[in-house]
Amino acid sequence: RIICFGHDEPITCVNVSSQLNLIASGSADGTLVLHDTRDGHIVRAFERTPNGSVPSWIKILDTSSRVVCACAASGALSVHHVNGATLAKYASRHETFDACCVTRDERIILLGNRRGDVTLRHTRDLSIRAQINVANVGVTALSTAASDECLLVGLADGRLCLWAPSPAPAHT
């Protein structure tokens, strides 16, 4: 059993990478910390989230050695390298979100909001790749499947929507 220290406020999100032997955590005061899974020691403390934003989701990206942090209520996103460098930051109180996930290839962050929009942002610089309105009801959950070819969207009205590419037409 390992107990990790480094936060003074309640933990609001956590993620582990067994490949990198790291645990990422965020707390109510905006502190983001990386711990070593083998001994629990602090590896790195990142720059705090902007304007006292509370992190709601954190993800370690194994292949790029990056950490993505999302603060849903304030619309803030940040990408850090595990070495401590902040690679990109974005914040907009007008673009809060309720659902977040990263594609399996770790290139895109998907964000869902109360208006039914899903925004796709690059993990390298947080620029917008696409924005689609999937429904006129809030997006509450997001996931990808089948090598990121399918998008699953949970909606506030209880529906679960699946978007998948159309099958190729049969050749005769």
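Structural notes, computed from the coordinates. (Residues numbered from 1 in each chain as written. Predicted model: local features only at pLDDT ≥ 70, side-chain atom pairs only at ≥ 80, totals over all residues. Heavy atoms only, no water.)

**Structural notes on the overall build of the protein chain**
In step 1: Looking only at helices and strands, the protein chain features zero helices and 15 strands.
In step 2: What you see for the protein chain is a C-alpha radius of gyration of 17 Å, in line with the 16 Å of a compact globule of 172 residues.
In step 3: If you line up the protein chain on its principal axes, its C-alpha atoms span 60 × 40 × 30 Å.
In step 4: With 172 residues in all, the protein chain has 44% of them scored as buried.
In step 5: Long-range contacts, defined as pairs at least 24 residues apart, comprise 32% of the intrachain contacts of the protein chain with a sequence gap of at least 6.
In step 6: In the form shown here, the protein chain has an accessible surface area of approximately 9,300 Å², with 51% of it arising from carbon and sulfur atoms.
In step 7: In the protein chain, the 16 positive side-chain charges and the 16 negative ones have mean positions that sit 2 Å from each other. (Helix = DSSP H or I, 4+ residues; strand = E, 2+ residues; numbered from the N terminus. Rg over C-alpha atoms; globule rule 2.2 N^0.38 Å. Buried < 20%, exposed > 50% of the residue type's maximum accessible area, 1.4 Å probe, protein only. Contact = heavy atoms within 4.5 Å. Areas by Shrake-Rupley, 256 points an atom, 1.4 Å probe, with all protein chains shown as cover. Lys, Arg positive; Asp, Glu negative; His and termini not counted. Charge placed at Lys NZ, Arg CZ, Asp CG, Glu CD.)

**Some points on the pattern of salt bridges**
In step 1: This model, assessed by the stated rule, comprises nine salt bridges.
In step 2: Between Asp36 and Arg38 there is a salt bridge, with its nearest N and O atoms 2.8 Å apart.
In step 3: Of the residues examined, Asp36 reaches a relative accessible area of 13% and is grouped as buried.
In step 4: Here Glu47 ties to Lys89 by a salt bridge, and the two come within 2.7 Å at their closest N and O atoms. (Salt bridge = Lys/Arg side-chain N within 4 Å of Asp/Glu carboxyl O.)

**Some details on unusual backbone geometry**
In step 1: The backbone of Ser65 shows a phi angle near 55°, a positive value even though the residue is not glycine.
In step 2: Residue position: Ser65 is located in the loop between strand 5 (57-61) and strand 6 (66-71).
In step 3: One non-glycine residue, Glu106, lies in positive phi territory at about 65°.
In step 4: Within the fold, Glu106 resides in the loop between strand 9 (99-102) and strand 10 (108-112).

**A closer look at the sheet that holds strand 7 (residues 76-81)**
In step 1: One open sheet accounts for four strands, arranged 5-6-7-8; its pairing is antiparallel. Since the sheet does not close on itself, it has two edges, and those belong to strand 5 and strand 8 (86-91), each with one partner. Neighbour-to-neighbour, the strand axes of the sheet open up by a mean angle of 10°, direction not taken into account.
In step 2: The sheet contact formed by strand 6 and strand 7 spans six bridges and is antiparallel. By the bridge assignment, Cys71 is partnered in strand 7 with Ala76. (Pairing = 2+ DSSP bridges. Axes fitted to C-alpha atoms, helices over the stretch in contact; angles between N-to-C directions.)

**Quick word on the pairing of strand 14 (residues 150-155)**
In step 1: Burial runs high along strand 14: five of the six residues are buried.
In step 2: As paired elements, strand 13 (residues 139-145) and strand 14 share six bridges and run antiparallel to each other. Counterpart to Leu142 in the pairing with strand 14 is Val153.
In step 3: Bridge count for strand 14 against strand 15 (residues 160-163) is four bridges, and the pairing is antiparallel. Residue pairing for strand 15: Leu152 is matched across the bridge by Leu162.
In step 4: Counting the residues in the hairpin turn of strand 14 and strand 15 gives four residues, including Gly158, whose phi is positive at 95°.

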